[in-house]
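Each chain, letter by letter, is given below.
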Amino acid sequence: GAVVSQHPSRVICKSGTSVKIECRSLDFQATTMFWYRQFPKKSLMLMATSNEGSKATYEQGVEKDKFLINHASLTLSTLTVTSAHPEDSSFYICSASYDLPSSYEQYFGPGTRLTVT
Amino acid sequence: TQLLEQSPQFLSIQEGENLTVYCNSSSVFSSLQWYRQEPGEGPVLLVTVVTGGEVKKLKRLTFQFGDARKDSSLHITAAQTGDTGLYLCAGNAGGTSYGKLTFGQGTILTVHP
């Protein structure tokens, strides 16, 4: 149980174009989904938190107009990188969670490798 | 802002050796998770600890949550090459944190044959 998928797993795009990444919880309804960015051999950096039907909450320093998050249902969230630039190249990971008594476990997707040329 | 200090950042050992990874904070967490991540993949949840002083075992891995719920450790006995990976601790503050996790910096473990 608690499987999260991400699509695509890898994407290469040209500078100036937009890219959409999907995150789905396959066997549970996620109350909250999170989007992270990870640099090589580094820990995860939280970008934003999203709840179904409401606006995402972005972390300090993350441009909400550049990284558009839509949480259309309890099983789907999307991250759109708009007007991508080479510095946006990174490993993007989503996670989904549902409330458990006394703990908040997150289940992670397999990640999306974005390369902007 | 809650911080989790994870150490060591890098660990290179021989197969069969034991090791311990630490996560420390000045803040109290309602729960703490340990994840393992392999290159090009997402983190996989290993364990969640919620009670101060709690000890959980997962085969050769032993996880401990400090009495005050401010620190945690992961001990691996007789490491194997398959244990190689990035280990992450992550804590949740509970309350209005809405499930947000504070991650440690990660420990890159390399186990040599």
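For clarity, every value in this text was computed on a predicted model and none was experimentally measured.

Rules used throughout
- Residues numbered from 1 in each chain as written.
- Chains lettered and ligands numbered in written order.
- Predicted model: local features only at pLDDT ≥ 70, side-chain atom pairs only at ≥ 80, totals over all residues.
- Heavy atoms only, no water.
- Pairing = 2+ DSSP bridges.
- Helix = DSSP H or I, 4+ residues; strand = E, 2+ residues; numbered from the N terminus.
- Axes fitted to C-alpha atoms, helices over the stretch in contact; angles between N-to-C directions.
- Phe/Tyr/Trp six-rings, centres within 6.5 Å; stacked < 30°, edge-to-face > 60°.
- Buried < 20%, exposed > 50% of the residue type's maximum accessible area, 1.4 Å probe, protein only.
- Contact = heavy atoms within 4.5 Å.
- Buried area = accessible area lost by both parts, 1.4 Å probe.
- Salt bridge = Lys/Arg side-chain N within 4 Å of Asp/Glu carboxyl O.
- Polar contact = N/O pair within 3.5 Å; in protein donor to acceptor, adjacent residues only side chain to side chain.
- Nonpolar A, V, L, I, M, F, W, Y, C, P; charged D, E, K, R; others polar.

Trainee: What am I meant to see in the sheet that holds strand E1 (residues 5-7) of chain B here?
Mentor: Paired through backbone hydrogen bonds, the strands of a sheet run either parallel or antiparallel to each other. Residues and elements named next belong to chain B. The antiparallel open sheet is built from five strands, whose spatial order is E1-E3-E8-E7-E6. Where the open sheet ends on each side, the last strands, each with one partner, are E1 and strand E6 (55-58). On average, each strand axis in the sheet is inclined to that of its neighbour by 15 degrees, with strand direction left out of account. Pairing between E1 and strand E3 (residues 19-24): three bridges, direction antiparallel. If you follow Glu5 over to E3, its bridge partner there is Asn24.

Trainee: It is not clear to me how the packing of aromatic side chains should be interpreted in this structure. Could you clarify?
Mentor: Each aromatic ring pair is described using two quantities: the centre-to-centre distance and the angle formed by the ring planes. Applying the stated criterion to the full structure yields eight aromatic pairs over all chains. Ring centres of Phe67 of chain A and Tyr92 of chain A lie 6.3 Å apart, and the angle between their planes is 45 degrees; on these two criteria the pair is classed as tilted. Here the residue Phe67 of chain A occupies a position in strand E7 (residues 67-73), and Tyr92 of chain A occupies one in strand E9 (residues 90-97), the gap between them amounting to 25 residues. As far as burial versus exposure is concerned, Phe67 of chain A and Tyr92 of chain A are alike and both buried. Here the aromatic rings of Trp34 of chain B and Phe63 of chain B are separated by 6.4 Å at their centres, their planes lie at 45 degrees, and the arrangement is tilted. In this pair, Trp34 of chain B is assigned in strand E4 (residues 31-37) and Phe63 of chain B in strand E7 (residues 61-65), connecting sequence segments 29 residues apart.

Trainee: It is not clear to me how the interface of chain B and chain A should be interpreted in this structure. Could you clarify?
Mentor: Many analyses report the size of an interface as the accessible area lost when the parts associate. Taken residue by residue, the interface counts 26 residues in chain B and 22 residues in chain A. Across the chain B to chain A interface the summed buried area is about 1700 Å²; carbon plus sulfur atoms make up 59%. When the area that chain B buries against chain A is broken down by residue, the three leading residues are Pro43, Lys100 and Phe103 of chain B, summing to 24%. Taken together, chain B and chain A are joined by one salt bridge. When the shortest N-O distance is used, the salt bridge between Lys100 of chain B and Glu59 of chain A registers 3.0 Å. At the surface where chain B touches chain A, the tally comes to six residue pairs in polar contact (both at pLDDT 80 or more). With four residues, E4 of chain B is the single largest residue contributor to the side of chain B that touches chain A. Classifying every residue of the side of chain B that touches chain A gives ten nonpolar, 14 polar and two charged.

Trainee: Please clarify how the pattern of salt bridges should be interpreted in this entry.
Mentor: Using the criterion set out here, one finds six salt bridges over all chains in the structure. Glu22 of chain A is the salt-bridge partner of Arg24 of chain A, the closest N and O atoms lying 3.5 Å from each other.

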